[in-house]
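# What the coordinates show
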Amino acid sequence: MDHFLHPRNVGEIPDADGVGTVGNPICGDMMTIYIKVREGRIADIKFKTFGCGAAIATSSMITEMAKGKTLEEAMKITRDAVAEELGGLPPIKMHCSNLAADALHRAIEDYLKRKGEKK
Amino acid sequence: MRSKEGRKLKVYLDYGAAAPTDPRVLEAMMPYFTEHFGNPSSVHSLSHKAREAIAEARESVASLIGAEEPEEIVFTSGATESNNLALKGVAIRNRERGNRIVTTVIEHISILNVCKYLTRQGFEVVYVPVDQYGVVDVGRLEEAVDERTILVSVMYANGEIGTIEPIAEIGEIARERGVPLHVDATAAAGKVPIDVVREKIDLLTLSSNDLYGPKGVGALYIRKGVKISPIIHGGGQERGLRSGSENVPGIVGMGKAAELAREEMEAEAERLTRLRDRLISGILERVPESYLNGHPTQRLPNNANLRFSYVEGEALLLSLDSLGVQASSGSACTSKTLEPSHVLLAIGLKHEEAHGSVLFTLGRDTDERGIDYVVRVMPRVVRRLRAMSPLTPKELLR
């Protein structure tokens, strides 16, 4: 509830190094995660979410969990880990944490792809 | 989120989901739990009191809807059972006459799921569409009623978007074709006047809790002469149409609730309409890109269903709840399924629009202070969520 009423890291990063957007129109959830990478670590992370309370809370939680982590560590954050950090989610809301994990992973993949293209 | 207005108010605006039992109703029920506990079917004198009480309740419910005979009222366990009895009972009894049932796309789930079941049993169900306000397309309904049709079922008013249907017009068509009309009046009874004779209604579903009576009781009006089979068999109570020893305290409560509804409906409807319009216009004026779902005037006095672009309904509800405001949502995430409301989709809303809707249902304890509080906090609640949403256009946040 705290992560819903007082979400951390809300917003956008205009010059982000990686951006990941995932959406699930069936439940009406859409999430974008922006990351800034310095020396292989997530230096800054922000999110924007359209969705239910659980979707907003999981977005906020995953940005807190990923901040400062190396890309490898961040890639290993699973939906179960996010749900666990929040103190559990009802089964019907698990797809929200799934979405958050997917958005983060997609942002990292986006960063790696951009880096690859520059070389 | 802390309230800038200082003290947080408690504002309950979910009467459509559950209403408190009126203390006068509770008082009328109490003796039937203890002193007059007798079974109305018994022979001894203790049963008399229970029998009389049920007869009185039957009269009171009949009189709320203008039924000619109290015996046309059958007590059930609630609106879901009444809807099941009406549809299955008429379908099974009239199987030889035909197999078509005509209903609408915006019916309650306890109609739609019975229709699905009957389809599996070989009946053909036609779902008539509605317009952008949720008003049933009477022309399409008329076309759908053919010689094989054994029942038409249309709700009196939609509990979600508040739209009141042209029942008298539909009753005229059904009566002319000799097809019984069932009307689910769960959301409408006690809010707007209903006259089963004038509106040519053959079967009508009522719920006690929506009249501020106890939960777990309802009724089905069955006009004399309508052919119907029971769906619950046993000791033959309720003229054989609903077996099982009567829920005497519940029935007494529903009777009292119906009596109070009849006496107080007119003044209460006027009061609620005023508060409803104050809520609707207050929010629409203060929140950009907010819209009313359902009909602007032809709507239940206690219903305000509003839509907010770029945000999701459940997040709105949780935010409102943190400020003491309890409302409901037609949206996916509050219900047991993830599907958006079939009613909102039926009036032509896109999925994301349907998801961004909030339903306020007003009731006896709703007052101006509560409504003004909601109107005050709503812009802030919506703005906060819009600031978080990737869908919100930048201009809107300036």
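Keep in mind the model is a prediction, meaning the values are calculated, not measured.

The next point concerns the nonpolar core. Residues and elements named next belong to chain B. Counting residues in hydrophobic clusters, the biggest one holds 65 residues, and the most contacted among them are Ile-65, Tyr-156 and Leu-204. Examining the composition of this core, we find that 8 residues originate from one element, helix α7 (residues 248-286), more than from any other. Shared between two domains, this core holds at least three residues of each, these being domain 1 (11-20 + 265-397) and domain 2 (23-261). Within the second largest apolar cluster, 37 residues are counted, among which are Leu-275, Val-311, Val-358 and Phe-360.

Contacts between the two partners involve 28 residues from chain B, matched on the other side by 24 residues from chain A. Counting the contacts that link chain B with chain A gives 8 residue pairs in polar contact (both at pLDDT 80 or more). Elements represented by at least two residues in the side of chain B that touches chain A include exactly α8 (313-322), α10 (351-355) and α11 (368-388) of chain B. Ranked by residue count, the leading element in the side of chain B that touches chain A is α8(B), at 5 residues.

Residue and element names in this part refer to chain B. Overall, mixed pairing links the 7 strands, which are arranged β2-β8-β7-β6-β5-β3-β4 in an open sheet. Strand pairing shows two members of the sheet lacking a second neighbour, β2 (73-76) and β4 (124-128), which therefore form its edges. Across this sheet, the average inter-strand angle for adjacent strands is 20°, counted without regard to direction. Strand direction decides the pairing type here: strand β3 (residues 100-104) and β4, joined by 5 bridges, are parallel. Within β4, the residue paired with Thr-103 across the bridge is Tyr-127. Against the sheet, helix α3 (residues 79-93) touches β2, β3, β5 (149-155), β6 (181-184), β7 (203-207) and β8 (218-222), its axis set at about 160° to β7. Strand contacts of helix α6 (residues 167-177): β5 and β6, with the helix running at about 160° to β6, the strand carrying the most contacts.

To continue, consider the pattern of salt bridges. All names here are of chain A. Inspection of every chain in the model, using the stated rule, returns 30 salt bridges over all chains. Two residues, Asp-17 and Arg-38, come together in a salt bridge whose shortest N-O distance is 3.9 Å. One end of the pair, Asp-17, is in the loop between α1 (2-5) and β1 (18-24); the other, Arg-38, is in strand β2 (residues 29-38), with 21 residues separating them in the sequence. Asp-17 gets classed as buried once you look at its relative accessible area, which sits at 19%. By sharing partners, the salt bridges in this structure join Asp-15, Asp-17, Lys-36 and Arg-38 into a single network.

Residue and element names in this part refer to chain B. Taken domain by domain, chain B comprises domain 1 (11-20 + 265-397) and domain 2 (23-261). For domain 1 and domain 2, the distance between their C-alpha centroids amounts to 29 Å. Listed as interface residues are 28 residues of domain 1 and, on the opposing side, 32 residues of domain 2. Where domain 1 abuts domain 2, roughly 2500 Å² becomes buried across the two surfaces, and 58% of that area is made up of carbon and sulfur atoms. A per-residue breakdown of the area domain 1 buries against domain 2 is headed by Met-265, Leu-300 and Arg-364, which together make up 28% of the total. At the junction of domain 1 and domain 2, the tally comes to 12 residue pairs in polar contact (both at pLDDT 80 or more). Listing elements by their share of the side of domain 1 that touches domain 2, those giving two or more residues are α7, β10 (303-308) and α9 (342-346). Among the elements that make up the side of domain 1 that touches domain 2, the one with the highest residue count is α9 (4 residues). Looking at the side of domain 1 that touches domain 2, its residues break down into 14 nonpolar, 12 polar and 2 charged.

Quick look at the environment of Ile167(B) now. Residues and elements named next belong to chain B. Relative to the elements of secondary structure, Ile-167 occurs in helix α6. Between the C-alpha atom of Ile-167 and that of Ile-101, which follows or precedes it by 66 residues, the distance is 17 Å. Beyond its immediate sequence surroundings of up to four residues, Ile-167 is in contact with Val-154, Met-155, Tyr-156, Leu-181, Val-183, Glu-199 and Ile-201.

The tally for this structure, following the rule as stated, stands at 2 aromatic pairs over all chains. Consider the rings of Tyr12(B) and Tyr15(B), whose centres lie 5.0 Å apart with planes at 75°: the pair is edge-to-face. Note on Tyr12(B): relative accessible area 30%, which makes it partly exposed. Residue Tyr15(B) is classed as buried on the basis of its relative accessible area, which comes to 7%. What links up through ring pairs into an aromatic cluster is the set Tyr12(B), Tyr15(B) and Tyr212(B). Seen from the ring of Phe4(A), Arg384(B) lies directly overhead, with NZ or CZ sitting 5.2 Å from the centre.

Turning our eyes to something else, we now look at α8(B). Of all the 10 residues making up α8(B), 8 are buried; the element is thus mostly covered by neighbouring parts of the structure. For α8(B), the side-chain oxygen to backbone nitrogen distance between the N-cap and Glu314(B) is 2.8 Å, and the N-cap itself is Glu312(B).

What follows is about empty space enclosed by the protein. Taken as a whole and assessed by the stated rule, the structure comprises 1 cavity of 30 Å³ or more. In this structure, the largest cavity occupies an estimated 30 Å³ of space. Broken down by class, the residue content of the lining of the largest cavity amounts to 6 nonpolar, 3 polar and 1 charged.

Rules and cut-offs
Residues numbered from 1 in each chain as written. Chains lettered and ligands numbered in written order. Predicted model: local features only at pLDDT ≥ 70, side-chain atom pairs only at ≥ 80, totals over all residues. Heavy atoms only, no water. Core = buried A, V, L, I, M, F, W, Y, C linked by side-chain atoms within 4.5 Å. Buried < 20%, exposed > 50% of the residue type's maximum accessible area, 1.4 Å probe, protein only. Helix = DSSP H or I, 4+ residues; strand = E, 2+ residues; numbered from the N terminus. Domains from an automatic or database assignment. Contact = heavy atoms within 4.5 Å. Polar contact = N/O pair within 3.5 Å; in protein donor to acceptor, adjacent residues only side chain to side chain. Pairing = 2+ DSSP bridges. Axes fitted to C-alpha atoms, helices over the stretch in contact; angles between N-to-C directions. Salt bridge = Lys/Arg side-chain N within 4 Å of Asp/Glu carboxyl O. Buried area = accessible area lost by both parts, 1.4 Å probe. Nonpolar A, V, L, I, M, F, W, Y, C, P; charged D, E, K, R; others polar. Phe/Tyr/Trp six-rings, centres within 6.5 Å; stacked < 30°, edge-to-face > 60°. Lys NZ or Arg CZ within 6 Å of the ring centre and 35° of its normal. 1 Å grid on protein atoms, 1.4 Å probe; cavity = no way out; pocket = protein on both sides within 12 Å on 5 of 7 lines; lining within 4 Å. Points joined across faces, edges and corners; volume = space filled by probe spheres on them.

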